[in-house]
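Here is how the chains run, residue by residue.
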Amino acid sequence: MTCTIPEMFDAICREEGAKVMFERPGQPPITYAAAHGLVLRLATALVELGVRPGDRVAVQVEKSPEAVLLYLACLRTGGLFLPLNTAYPGPEIDYFLGDAEPRLFVCAPEALPQYAGRASETLAVESLGAAADGTLMQRAAEAVPQPAPVTRGAADPAAILYTSGTTGRSKGAVLTHGNLASNTVALNQAWRFTSADRLIHALPIFHTHGLFVACNMAISTGATMIFLTRFDVDQIIDEMADATVLMGVPTFYSRLLESPRLDPLAVAEMRVFVSGSAPLPEDVHRQFAARTGHVILERYGMTETCMIASNPYDGERRTGAVGFALPEVDIRITDRETGAALPPGETGAIEVRGPNVFQGYWRMPEKTAAEFRDDGYFVTGDLGRFDDEGYLQIIGRDKDLVISGGYNVYPKEVETALDALPGVAESAVFGVPHPDFGEAVAALVVPEAGVSLDSDALLKALSGEIARYKQPKSVLLADELPRNVMGKVQKAELRRRFANLHSPAAG
Ligand code: MCA
Ligand code: AMP
């Protein structure tokens, strides 16, 4: 099989040790050789903390080069890397720690007092800060470098990424070394990624997009990452002068278009702009091409499957389409009711099979079985069709999901949090168009009889319970929810009724 990601990293460090791996404005660069040394010491620290092959290492830390190196160190020990969104508040973290039962939890230094008391014989708690500080870095500094990685095969698990679900309970998608490595090789080939590339990395590193697409592509080729802690339009435009690739969510591109500095000169050195995680609006696609001469390359992926399809590097990058299946990936469109394969042109469920498709949900065999067909195809929950030239188009979603600025929000989870608040009888959460985030979360809340509720107070009560990006941008109050004859809440009707909530005219 293809080498694993840690093996690819070792090979690059042998061949291109002097090459810069991380470049950061105003800070010294980190070479592949220096990064390799730290990975080996971090790996020793993990082993000393009790991490053995198959153990989970849960990590909620700010974006930093050291956090990426911790990921590589974890894979090297045979541990399962479990990154957590920095926006998750305590109650969400409690769930993940309880469900995944990690051997080690690494948190930010500021959060250590909050979590240190959790340490036990089975759970170690350490910290890692954005300034390369924290207790884990102290341990690594004192550690003897671990020379060889634990041998792992394609079927061995490498990571768990939690994704919320339609039931409201987050599921851990278990990704293997084979999933990560095969997808990285396919993407490097598809997008002609090489060691000469200089990637502007402005995405978070706790999701597939920022970690398993962006970082893995750089790590496996020896490319340089211009590593930015967050997305900032002016900084991105400054960095473009000396970069070749940008990977982002559609909000990156709609925000870039708002800058008068975005012109052909600003992008003269750039080779390709990639968009994914949410639908790229057609007007953004067109305007970006008109302003810069670059046609954004849109691709399609999912936590459970890594990347599935991509528009071609050479050839037409079609507006409103996500292109063709990546090498070795099979895509079919099926009838939502019968599961029968549909001919090109017809819209149905998108199903995927290939070395990119995950092993299953952590400790949820029934849920896993329910989402796979007998012949190994995974049912994505997205609806699509192949157009007249075989490009895959995503038409909609079968799952009740809102994608806000590239982050997935499952309404059920927000409804559960709202329904638990005093005075709330029931609620319905849905997505509405938003000029910046593509979609925004909205909620319609029905108070209990005789209770008067205040939208702002409800929002305040949610903060601290669920991450900020999941909290509704608007809470509306009503006497009842629109339901069909079967009693099911009509989300489509709500999306229609409140479609203009964030339109400029609505203020
Ligand atoms: C920030 N806020 C948001 C979001 N981001 N609210 C809803 N949706 C969001 N995505 C909140 C902030 O807390 C703040 O609230 C207010 O909105 C304005 O924040 P702002 O400073 O404008 O936000 P930002 O820090 O500039 O972030 C916007 C962003 C970011 C750059 C678009 O959300 C982002 O990096 N998104 C990328 C997510 C991603 O990597 N997705 C990939 C996962 P307040 O002011 O009240 O505090 S999907 C994936 O991996 C699959 C496999 C795939 O296909 O790629
Ligand atoms: P996640 O589970 O967070 O990995 O999000 C995956 C979901 O994001 C997919 O199932 C799609 O609904 C959506 N998605 C990703 N890329 C695209 C894209 N290019 N166009 C439309 N939807 C996308």
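Residues numbered from 1 in each chain as written. Chains lettered and ligands numbered in written order. Predicted model: local features only at pLDDT ≥ 70, side-chain atom pairs only at ≥ 80, totals over all residues. Heavy atoms only, no water.

1. So, the overall build of the protein chain
So, step 1. If you tally the helices and strands in the protein chain, you get 15 helices and 25 strands.
So, step 2. Referenced to the eigenvectors of the C-alpha coordinate spread, the extents of the protein chain come out at roughly 65 × 55 × 50 Å.
So, step 3. Burial status across the protein chain gives 58% buried among its 507 residues.
So, step 4. Of all intrachain contacts in the protein chain linking residues separated by at least 6 positions in sequence, the fraction that spans at least 24 positions is 66%.
So, step 5. Total accessible area computed for the protein chain in this model is approximately 20,200 Å², and 52% of it derives from carbon and sulfur atoms.
So, step 6. If the 45 positive side-chain charges of the protein chain are averaged to one point and the 63 negative ones to another, these points end up 1 Å apart. (Helix = DSSP H or I, 4+ residues; strand = E, 2+ residues; numbered from the N terminus. Buried < 20%, exposed > 50% of the residue type's maximum accessible area, 1.4 Å probe, protein only. Contact = heavy atoms within 4.5 Å. Areas by Shrake-Rupley, 256 points an atom, 1.4 Å probe, with all protein chains shown as cover. Lys, Arg positive; Asp, Glu negative; His and termini not counted. Charge placed at Lys NZ, Arg CZ, Asp CG, Glu CD.)

2. Some words on the site of ligand 2
So, step 1. Around ligand 2 sit 16 residues in total, of which Arg299, Thr303, Asp382, Lys399 and Asn408 are the nearest.
So, step 2. Backbone polar atom of Arg299 to a nitrogen atom of ligand 2: 2.7 Å apart, as the coordinates give it.
So, step 3. Note that an oxygen atom of ligand 2 is positioned 2.6 Å from one of the side-chain N or O atoms of Asp382.
So, step 4. Contact with the protein chains removes 92% of the 500 Å² of surface that ligand 2 exposes when unbound. (Near = heavy atom within 4 Å. Polar contact = N/O pair within 3.5 Å; in protein donor to acceptor, adjacent residues only side chain to side chain.)

3. Focus: the pattern of salt bridges
So, step 1. Tallied over the full model, the rule gives 32 salt bridges.
So, step 2. Glu389 is the salt-bridge partner of Arg318, the closest N and O atoms lying 2.8 Å from each other. In this pair, Arg318 is assigned in the loop between β14 (306-310) and β15 (324-325) and Glu389 in the loop between β19 (378-386) and β20 (392-397), connecting sequence segments 71 residues apart.
So, step 3. In this structure, the salt-bridge partner of Asp375 is Arg332, at a minimum N-O distance of 2.8 Å. Of the two residues, Asp375 is situated in the loop between α12 (365-371) and β19 and Arg332 in strand β16 (residues 330-334); the sequence distance between them amounts to 43 residues.
So, step 4. A network of salt bridges, in which partner residues are shared, links Glu316, Arg318, Asp387, Asp388 and Glu389. (Salt bridge = Lys/Arg side-chain N within 4 Å of Asp/Glu carboxyl O.)

4. A word on helix α1 (residues 5-16)
So, step 1. For α1, spanning 12 residues, the distance from its first C-alpha to its last is 16 Å, which sits close to the expected 16 Å at 1.5 Å a residue.
So, step 2. Those residues of α1 not exposed but buried are Ile5, Pro6, Met8, Phe9, Asp10, Ile12 and Cys13.
So, step 3. Lining the buried residues of α1 we find β1 (20-24), α2 (32-48), α3 (65-77), α7 (177-190) and α8 (208-221). (Expected span 1.5 Å × (residues − 1).)

5. Regarding the packing of aromatic side chains
So, step 1. A complete count under the given rule lists 21 aromatic pairs for this structure.
So, step 2. Residues Phe9 and Tyr32 carry aromatic rings whose centres are separated by 6.4 Å and whose planes lie at 45 degrees to one another, so their mutual orientation is tilted. Linking Phe9 in helix α1 with Tyr32 in helix α2, this pair joins segments that are 23 residues apart in sequence. Each member of the pair, Phe9 as well as Tyr32, carries the same accessibility label: buried. (Phe/Tyr/Trp six-rings, centres within 6.5 Å; stacked < 30°, edge-to-face > 60°.)

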